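Results of the structural survey
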Amino acid sequence: MTARTSPESARDIPEATVARLPVYLRALTTLSEQGIGTCSSEELAVAAGVNSAKLRKDLSYLGSYGTRGVGYDVDYLRYQIAREIGVTQDWPVVIVGIGNLGQALANYSGFRSRGFRVVALLDADPARRDEVVAGLEVGPFDDLERIVREHSVAIGVIATPALAAQDVADRMVACGITSILNFAPIVLNVPDQVDVRKVDLSIELQILAYHEQRKGATA
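Residues numbered from 1 in each chain as written. Predicted model: local features only at pLDDT ≥ 70, side-chain atom pairs only at ≥ 80, totals over all residues. Heavy atoms only, no water.

The name that an unreviewed UniProt entry assigns to the protein chain is Redox-sensing transcriptional repressor Rex, with the source organism given as Nocardioides aquiterrae. Reading the Sequence similarities (unreviewed entry) entry of the UniProt record for the protein chain gives the comment "Belongs to the transcriptional regulatory Rex family." Turning to the protein chain, the UniProt annotation filed under Subcellular location (unreviewed entry) states: "Cytoplasm". (UniProt positions renumbered as here; feature names shortened; annotations may be inferred.)

Here is the structure:
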């Protein structure tokens, strides 16, 4: 069975917990790189930026990996979380839209170290054809179906302008992609079985602006 369909992965874990698991994984990786072999829930919570009660509750959904009086084995817990979220295997990814943002994503070294391998960069603009970005030659968008078939791609990244994003998503879904990371400032309409994560940098900045405004009002 694949990581997408195994009984372990089918376990009901709240979405809020799922969203925090990569944060715990990053914190554990940092602790491991510092040569720390074990840590308490309090130490891991501080490293992850959450409170320890929330962390213990989140980890309880995965099983019992801590030892009373000792804490967590950093490398073992790191492996268990990586296995739970599916990054112990190599996930092929295709990026569509190789403008400034698409190029930045293609050059992001964190993908490979976290279980993702960019297999193709595609763009509808003929002027971008044959450009080389991060060691990959930019191909035509019409290559999408072939790339998905040859590399068994399940995850697609959309970094196009908003006007093109829905058409790109439709093509991705039609050729078998079931998870989409969308950087375009638009809400995509996809079938229920397709997962979409939306990253809107302008919204994140507006949230920060709201908090800054409140700080000024209370100063």
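Alright, that's what it looks like, and here's the rest.
**What to know about the overall build of the protein chain**
Along its length, the protein chain carries 9 helices and 10 strands. Viewed in the frame of its principal axes, the protein chain has a C-alpha envelope of about 60 × 55 × 35 Å. Here the protein chain holds 219 residues, and 37% of them are scored as buried. Intrachain contacts of the protein chain at a sequence separation of at least 6 include 56% that bridge at least 24 residues. As displayed, the protein chain has an accessible area near 12,800 Å², and 53% of this comes from carbon and sulfur atoms. Computed over 22 positive and 27 negative side-chain charges, the separation of the two mean positions in the protein chain equals 6 Å. (Helix = DSSP H or I, 4+ residues; strand = E, 2+ residues; numbered from the N terminus. Buried < 20%, exposed > 50% of the residue type's maximum accessible area, 1.4 Å probe, protein only. Contact = heavy atoms within 4.5 Å. Areas by Shrake-Rupley, 256 points an atom, 1.4 Å probe, with all protein chains shown as cover. Lys, Arg positive; Asp, Glu negative; His and termini not counted. Charge placed at Lys NZ, Arg CZ, Asp CG, Glu CD.)

**So, the nonpolar core**
Counting 21 residues, the largest nonpolar core has Tyr-24, Leu-44, Leu-55, Leu-59, Leu-62, Leu-77 and Ile-81 as the members making the most contacts within it. Elements represented by at least two residues in this core include exactly helix H1 (15–33), helix H2 (41–48), helix H3 (52–60) and helix H4 (74–85). Broken down by element, this core gets its largest block of residues, 6 residues, from H1. With residues up to four places along the chain from it excluded, the contact list for Leu-55 reads Tyr-24, Ser-41, Leu-44, Ala-45, Val-50 and Tyr-72. Counting 20 residues, the second-largest nonpolar core is a separate cluster that includes Val-94, Ala-120, Ile-147 and Ile-158. (Core = buried A, V, L, I, M, F, W, Y, C linked by side-chain atoms within 4.5 Å.)

**So, the sheet that holds strand E9 (residues 179–182)**
Reading across the sheet, the 7 strands line up as E6-E7-E5-E4-E8-E9-E10 and stay open at both edges, with mixed pairing between neighbours. For this open sheet the edge positions go to strand E6 (132–133) and strand E10 (195–198), each flanked by a neighbour on one side alone. Examined bridge by bridge, E6 and strand E7 (residues 136–140) share 2 bridges and lie antiparallel to one another. If you follow Val-132 over to E7, its bridge partner there is Glu-137. Contacting strand E4 (91–96), strand E5 (116–123) and E7, helix H7 (residues 144–151) crosses the sheet at an angle of about 165° to E5. Packing of helix H8 (residues 162–174) onto the sheet brings it into contact with E4, strand E8 (155–158) and E9, and relative to E8 it is tilted by some 170°. (Pairing = 2+ DSSP bridges. Axes fitted to C-alpha atoms, helices over the stretch in contact; angles between N-to-C directions.)

**Focus: unusual backbone geometry**
Residue Asp-130 is not a glycine yet carries a positive backbone phi of 75°. Residue position: Asp-130 is located in the loop between E5 and E6. One non-glycine residue, Ala-134, lies in the positive phi region at around 55°. Summarising the element assignment, Ala-134 is placed in the loop between E6 and E7. Looking at Ala-134, the relative accessible area reads 44%, which means it is partly exposed.

**Points about the UniProt feature "binding site: NAD(+)" (unreviewed entry) in the protein chain**
As annotated by UniProt and renumbered to match this structure, "binding site: NAD(+)" (unreviewed entry) occupies Gly-97, Ile-98, Gly-99, Asn-100, Leu-101 and Gly-102. With respect to the helices and strands, the residue Asn-100 is situated in helix H5 (residues 100–106). Within the secondary structure, Gly-102 is located in helix H5. Sequence-distant contacts of Gly-102, defined by excluding residues within four places in its chain, comprise Ile-95, Gly-97 and Ala-159.

**Comments concerning the packing of aromatic side chains**
One pair of aromatic rings is described through two measures. These are the centre distance and the angle between the planes. For the structure on display, the rule yields 1 aromatic pair. A ring pair is formed by Tyr-108 and Phe-111, whose centres lie 5.1 Å apart and whose planes are at 85°; its orientation type is edge-to-face. Accessibility expressed as a relative area gives 42% for Tyr-108, which makes it partly exposed. Over the face of the ring belonging to Phe-141 we find Arg-171, whose NZ or CZ atom lies 4.6 Å from the ring centre. (Phe/Tyr/Trp six-rings, centres within 6.5 Å; stacked < 30°, edge-to-face > 60°. Lys NZ or Arg CZ within 6 Å of the ring centre and 35° of its normal.)

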